[in-house]
Amino acid sequence: MKRMKKVISIASALIMMLAMTATAFADATLSKEAGDNHTYDVYQIFKADSVDATTGELAGVKYGANSTGTEDSAVPTTVLEALAAVNSSSDAEKIAVIDDYWNQSSAAFATINDTTPTASLPTGYYLIKDTTTSSEGDSVNFHVAIVSDGSTALTITNKRDVPEVSKYIKEDSTSTYGKTADYSQGEENIAFRIVGTLPDATNYARYQSYQYAFTDNMTNMTYVADSLTAKVYTGYTDENNLGTEYGTLDLTDSNVTLSASGSNISLAFADLKVATYTDATITAGVPADAVVVVEYNAKFTDSAVIGGYGNANSVKLTYSNDPNLDASGNPITTTEDTPEDYAYAFTYEFDGLKIDSTTNSPLSGAGFKIKDADGNYAIISAGVVTGWTETQADGTEILTGATGEVIVKGLDEGTYTLTETTVPDGYSAIADIDFTVAATISAIDVSSADYVSGSQEYEVETLSITSSSTNMTVDSQQGVTTAADTDNGVVFADILNAPKSSLPSTGGIGTKLFYIFGSALMILAAIAFVVKMRFSRK
């Protein structure tokens, strides 16, 4: 049997128009629906002389212009019996029979497009091929039509219904899913959600088996082991309203192949229609009109992009695209891919500058530890957050060098506390400093030069740092004209230390005053003694 190329669905049920008399009818008019911009090639497989008035069956059936037989020669009884045998069967089985007699290399009997929206078809069997390949990743679509009544107009119903896949990321501050979120590096709870849909119930039912596979790729992230789950929901509304949980899919079943490590995840179901659940009481198979929801956790790697366009993470869905059977009666196993869908993770950088509050010169020898709003202290390596700890002693101390810089890469939005753990010589210790990082992320206009579908669809629009501490200035940093750099996701601030005051001490001015005062008393006593002696002599 010749195999159709890239069949995704068998659209429109078999169109059977009952005849009113046993005579030949005028040509029927075939058209497409309003608003349908697809192009259809029409192939005449069989033609007929008349239609039985009682049964509606075609009579005097001959090979058509696009058949594998000689045009206008009689069709053997065995072929007619094969056609009759599938008259009440599925569209897939009907097309499987007709396909045996379709000369795929022949020129189309008629073409319907925007320029020629209708075609006249004599009585017969026709195969209608949708030749428009959509950018959505779907492929050609076939329709079967039996023309038996020229008085009735026939309309092609475009049933190009394909599954879709969407990827979302959870914003930890609101616990809601969307296309963007920001996180600290070192966290292991960056939550992703993938939603895969199915074809509509009619198209899904045409498949005896249905391959279904997710391929997920993370950028600058790594998968958290054993965090992946796959569940089925009915009544799905959106990424935050999943509907009613139908069951948790058993990913240990032999029907499933799961590979998840590093930055790549692959979850494949050989046949979604026999997928099993962790609860054995649930009937196997994913029901029509349900969605498959995959969730997992990831964490940033040290190479995470700071600010800018974020870290783009993608997913695509591979699905069965041919409901037909091969010559042996087995399901055809060709597949199609959806376009990739993306979610974006953002993170930020704090650049502090330790300075003398009177001279504004950088100070070396200062040490700081940084704590988040949950009381966890940052563990830092080469300026990048690699983890968090509840114990201050286990947090990393950041020591300033000659430049006075305090750099922390990989911060979430939120409030942080800087604690000065080492005070520079000659300076007074400062109280803890609280500061807040805030950002807004916006979609890039598709007409913008910055827009790159997939990898650069969102960017940091605004970024700010605020603090009420008198030991921090955030309007700008010395040598920097702004408090934030949205392109690179950096916020700037000056951290002020005041030099110690000069206080009295041994050998200091207080002692000198005491000595001066004492000497004056001795001189006065000596003068008084001399004066007294002179008076005595008199």
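Source: prediction; values computed, not measured.

Novice: Got a sec to walk through the overall build of the chain? Specific residues and values, please.
Specialist: In terms of helices and strands, the chain carries 4 helices and 37 strands. In the chain, which comprises 538 residues, the proportion classed as buried is 46%. Expressed as a percentage of contacts within the chain between residues at least 6 apart in sequence, the contacts between residues at least 24 apart total 70%. Only carbon and sulfur atoms are counted for the fraction: they give 50% of the accessible area of the chain, which is about 24900 Å².

Novice: I'd love a proper account of the pairing of strand E2 (residues 28–32), names of residues and values included.
Specialist: A large share of E2 lies buried, amounting to 4 of its 5 residues. As paired elements, E2 and strand E8 (residues 118–121) share 4 bridges and run antiparallel to each other. Within the sheet, the bridge partner assigned to threonine 29 lies in E8 and is serine 120. Two elements, E2 and strand E11 (residues 154–156), share 3 bridges in a ladder whose sense is parallel. Directly across from lysine 32, in E11, lies its bridge partner isoleucine 156.

Novice: Describe the environment of alanine 280, with residues and values.
Specialist: Its location among the elements puts alanine 280 in the loop between strand E21 (264–269) and strand E22 (290–300). Among the residues examined, alanine 280 registers a relative accessible area of 75% and is labelled exposed. Taking the C-alpha atoms as reference, alanine 280 lies 9.9 Å from glycine 247; in sequence the two are 33 residues apart.

Novice: Tell me about the packing of aromatic side chains, and please be specific about residues and values.
Specialist: Summed over all chains, the structure comprises 17 aromatic pairs. Their ring planes at 35° and their centres at 6.1 Å tell us that phenylalanine 46 and tyrosine 63 sit as a pair that is tilted. In this pair, phenylalanine 46 sits in strand E3 (residues 40–47) while tyrosine 63 sits in strand E6 (residues 62–63), placing the two residues 17 residues apart along the sequence. An identical accessibility class is assigned to phenylalanine 46 and tyrosine 63; each is buried.

Novice: Account for the environment of phenylalanine 492, with residues named and values stated.
Specialist: Inspection of the secondary structure assignment puts phenylalanine 492 in strand E37 (residues 490–497). On the basis of relative accessible area, phenylalanine 492 is assigned to the buried category, the value being 11%. The spacing of phenylalanine 492 and valine 474 is 18 residues in sequence and 6.5 Å in space, taken between C-alpha atoms.

Novice: Please give an account of the sheet that holds E8 that cites residues and values.
Specialist: Taken in spatial order, the 3 strands make up an open sheet running E8-E2-E11, and their pairing is mixed. Each end of this open sheet is capped by a strand with a single partner; those strands are E8 and E11. Geometrically, the sheet is characterised by an average inter-axis angle of 25° between neighbouring strands, direction not taken into account.

Novice: Give a description of the confidence of the model for the chain that names residues and reports values.
Specialist: Averaged over every residue, the pLDDT of the chain is 84; the share at 70 or more is 80%. For residues 1–24, every residue scores under 50 in pLDDT, and the model assigns this stretch 115 contacts once sequence neighbours within four places are set aside. Segment residues 502–507: pLDDT under 50, and 3 contacts once partners within four positions in sequence are set aside and those in other chains are kept.

Novice: Lay out the pattern of salt bridges in plain terms, naming residues and giving numbers.
Specialist: Evaluated as defined, the whole model comprises 10 salt bridges. Measuring nitrogen to oxygen at the nearest pair gives 3.7 Å for the salt bridge that ties aspartate 49 to lysine 62. One end of the pair, aspartate 49, is in the loop between E3 and strand E4 (50–51); the other, lysine 62, is in strand E6, with 13 residues separating them in the sequence. A salt bridge links arginine 193 to glutamate 295, with the shortest nitrogen-to-oxygen separation between them at 2.6 Å. Here arginine 193, found in strand E15 (residues 190–196), pairs with glutamate 295, found in strand E22; they are 102 residues apart in sequence, far enough to count as distant. Overall, arginine 193 belongs to the buried group, its relative accessible area being 11%.

Novice: Mind laying out the nonpolar core, listing which residues take part and the relevant values?
Specialist: Of all hydrophobic cores here, the largest spans 43 residues; its most connected members are Tyr212, Phe214, Leu249, Leu267, Phe269, Val286 and Tyr296. Residue contributions to this core peak at 6 residues, all from E22. Counting residues in each nonpolar core, the second largest holds 35 residues, with Phe368, Ile380, Trp388 and Tyr416 among its members.

Novice: Describe unusual backbone geometry, and please don't skip the residues or the numbers.
Specialist: Backbone geometry places asparagine 220, a non-glycine residue, at a positive phi of 60°. Mapped onto the elements, asparagine 220 comes out in the loop between strand E16 (212–217) and strand E17 (221–223). Located in the positive-phi region is aspartate 289, a residue other than glycine, with phi close to 65°.

Novice: A description of the side chain of aspartate 41 should follow, citing residues and the corresponding values.
Specialist: Topologically, aspartate 41 is positioned in strand E3. Lysine 129 provides the closest opposite charge to the buried, salt-bridge-free aspartate 41, at an N-O distance of 6.1 Å. Ignoring sequence-local partners within four residues, the contact set of aspartate 41 consists of Ala108, Ala110, Thr111, Leu127, Ile128, Lys129 and Thr131.

Novice: Outline the environment of alanine 284, supporting the account with residue identities and numerical values.
Specialist: Its location among the elements puts alanine 284 in the loop between E21 and E22. Here the alpha-carbon distance between alanine 284 and leucine 249, two residues 35 residues apart in the chain, equals 9.4 Å.

Rules used throughout
- Residues numbered from 1 in each chain as written.
- Predicted model: local features only at pLDDT ≥ 70, side-chain atom pairs only at ≥ 80, totals over all residues.
- Heavy atoms only, no water.
- Helix = DSSP H or I, 4+ residues; strand = E, 2+ residues; numbered from the N terminus.
- Buried < 20%, exposed > 50% of the residue type's maximum accessible area, 1.4 Å probe, protein only.
- Contact = heavy atoms within 4.5 Å.
- Areas by Shrake-Rupley, 256 points an atom, 1.4 Å probe, with all protein chains shown as cover.
- Pairing = 2+ DSSP bridges.
- Phe/Tyr/Trp six-rings, centres within 6.5 Å; stacked < 30°, edge-to-face > 60°.
- Axes fitted to C-alpha atoms, helices over the stretch in contact; angles between N-to-C directions.
- pLDDT = per-residue confidence, 0-100.
- Salt bridge = Lys/Arg side-chain N within 4 Å of Asp/Glu carboxyl O.
- Core = buried A, V, L, I, M, F, W, Y, C linked by side-chain atoms within 4.5 Å.
- Lys, Arg positive; Asp, Glu negative; His and termini not counted.

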